[in-house]
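The lines below spell out each chain.
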Amino acid sequence: MFGYVRIYKPECRFREYEYYRGVYCGVCRALRKCGGACARLTLSYDAAFLALVRMALEGETPRFVKKRCPAHPLRRHTEALPTAAAELSARMSLILTYYKNKDDRRDEKGRKRLRARLLSPALGRMSRRAAKGCEALEPRIKESLEALWAFEAAPTLSLDRPAVLFGETLGEILSFGLAGEKEKIARAIGRAIGKWVYLADALDDREEDLRLGRYNPIVTVYGDKLPEGNEAIALALDACLAEAEAALDLLDFPDRDMQALAENVLRFGMPREYEKIMKKETSPDARPL
């Protein structure tokens, strides 16, 4: 996925960080199971967060063991044993990676487009394998993303509309298989996180998209200059996080560490990623537009 939805380690206790690494490694193991060895290359922090929230929604408490793996062959590390939440997260990560590659084949040029085309067959096989067991969800993801791509092909002056379309995709994923109040909470969290990720990614790619003539909602609305103080975009991102936190507060977490990690991501990790993006934007070494 995108890699923006991550914890901020300085605000973690050691025990919480071990917990997070264990869930992260558990998702990695699930990727191997549902997509093959190369599927592990698609592992992202976003997938670990998705697994944490799904565990809370399903009332799962992960159990941890010490294991070795190809990435840690010389020493054992903490790893969460398989859970339904980790498996769903892995499957969705592979499906989204495939559709991201499909989008790159359409939008990128030169080496990036060639790379996307070369990776397409392998990602297609992984995606089809990952979709087994959640066949009802894959068409919904496809429909939602195609609606987004259709908007991007003929955009209007809106930051919110494309972000909402991507948010609906993550809402579908996070709420898959749930019902009642849990389904509503999951959809609200996924929608808010998706909107934030879409806008943050647009901000991160703004300069390159402007240079290459690619669609970017921020460029479409503001042209080649960001609004002074960047307040409009900052407020939009803050609103997304506020929505996610409000929905997260409705969850009954099975343990305190899981809750602390989810809150860390929203209150420290994602705002820190925004700061890093803005630091790049305002750097005196940034490429002139």
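Anything mentioned here points back to the structure above.
Residues numbered from 1 in each chain as written. Predicted model: local features only at pLDDT ≥ 70, side-chain atom pairs only at ≥ 80, totals over all residues. Heavy atoms only, no water.

Caption draft 1: Looking closely at the layout of surface pockets. By volume, the largest pocket amounts to about 1,300 Å³. Lining the largest pocket we find 41 residues, and of these F2, K100, N101, D103 and D104 sit closest to its centre. The set of elements that each furnish at least two residues to the lining of the largest pocket consists of α3 (84-107), α4 (110-131), α5 (138-153), α7 (180-204) and α8 (206-212). Residue contributions to the lining of the largest pocket peak at nine residues, all from α3. Broken down by class, the residue content of the lining of the largest pocket amounts to 22 nonpolar, five polar and 14 charged. (1 Å grid on protein atoms, 1.4 Å probe; cavity = no way out; pocket = protein on both sides within 12 Å on 5 of 7 lines; lining within 4 Å. Points joined across faces, edges and corners; volume = space filled by probe spheres on them. Helix = DSSP H or I, 4+ residues; strand = E, 2+ residues; numbered from the N terminus. Nonpolar A, V, L, I, M, F, W, Y, C, P; charged D, E, K, R; others polar.)

Caption draft 2: Just the nonpolar core, in detail. Counting 88 residues, the largest nonpolar core has M92, I141, I189, I193, W196 and L251 as its most contacted members. Residues contacting W196, with those up to four places away along its chain left out, are Y4, L237, C240, L241, M270, E273 and Y274. (Core = buried A, V, L, I, M, F, W, Y, C linked by side-chain atoms within 4.5 Å. Buried < 20%, exposed > 50% of the residue type's maximum accessible area, 1.4 Å probe, protein only. Contact = heavy atoms within 4.5 Å.)

Caption draft 3: Molecular detail of the packing of α7 against helix α10 (residues 231-248). Following both chains from N to C, one finds α7 and α10 inclined at 160 degrees, their axes separated by 8 Å at the closest point. Here α7 is positioned roughly antiparallel relative to α10, judged by the angle of their axes. Of the two elements, α7 crosses α10, and the hand of that crossing is left-handed. For the pair formed by α7 and α10, the contact residues are I185, A188, I189, A192, I193, K195, W196, L199, A200 and L203 on the first element and I233, A236, L237, C240, L241, E243, A244, A247 and L248 on the second. Classifying every residue of the contact of α7 with α10 gives 17 nonpolar, no polar and two charged. (Axes fitted to C-alpha atoms, helices over the stretch in contact; angles between N-to-C directions. Parallel < 35°, antiparallel > 145°, perpendicular 65-115°, else oblique. Left-handed = near helix turned anticlockwise from the far one by under 90°.)

Caption draft 4: Layout of the packing of aromatic side chains. Considering all chains together, one arrives at six aromatic pairs under this definition. Ring geometry for Y24 and Y45: centres 5.3 Å apart, planes at 25 degrees, overall stacked. Here Y24, found in helix α1 (residues 14-35), pairs with Y45, found in helix α2 (residues 45-58); they are 21 residues apart in sequence, far enough to count as distant. Y45 sits in the partly exposed class, given a relative accessible area of 26%. Ring geometry for Y99 and W149: centres 6.3 Å apart, planes at 50 degrees, overall tilted. Here the residue Y99 occupies a position in helix α3, and W149 occupies one in helix α5, the gap between them amounting to 50 residues. Relative accessible area serves as the criterion here: at 4%, Y99 is assigned to the buried category. The class for W149 is buried, based on a relative accessible area of 11%. (Phe/Tyr/Trp six-rings, centres within 6.5 Å; stacked < 30°, edge-to-face > 60°.)

Caption draft 5: The arrangement of the pairing of strand β2 (residues 72-80) in detail. For strand β1 (residues 64-69) and β2, the ladder comprises five bridges, and the chain directions are antiparallel. Along β2, the bridge assignment pairs V65 with E79. Between the antiparallel neighbours β1 and β2 lie two residues. (Pairing = 2+ DSSP bridges.)

Caption draft 6: Layout of the packing of α3 against α5. Remark: α3 packs on α5, axes separated minimally by 11 Å, with the N-to-C direction vectors making an angle of 30 degrees. Judged by the angle between their axes, α3 and α5 are roughly parallel. Crossing angle aside, the handedness with which α3 passes α5 is right-handed. Contacts from M92, I95, L96, Y99, K102, D103 and R106 of α3 reach α5 at E138, I141, K142, L145, E146, W149 and E152. For the contact of α3 with α5, the class distribution of residues is seven nonpolar, no polar and seven charged.

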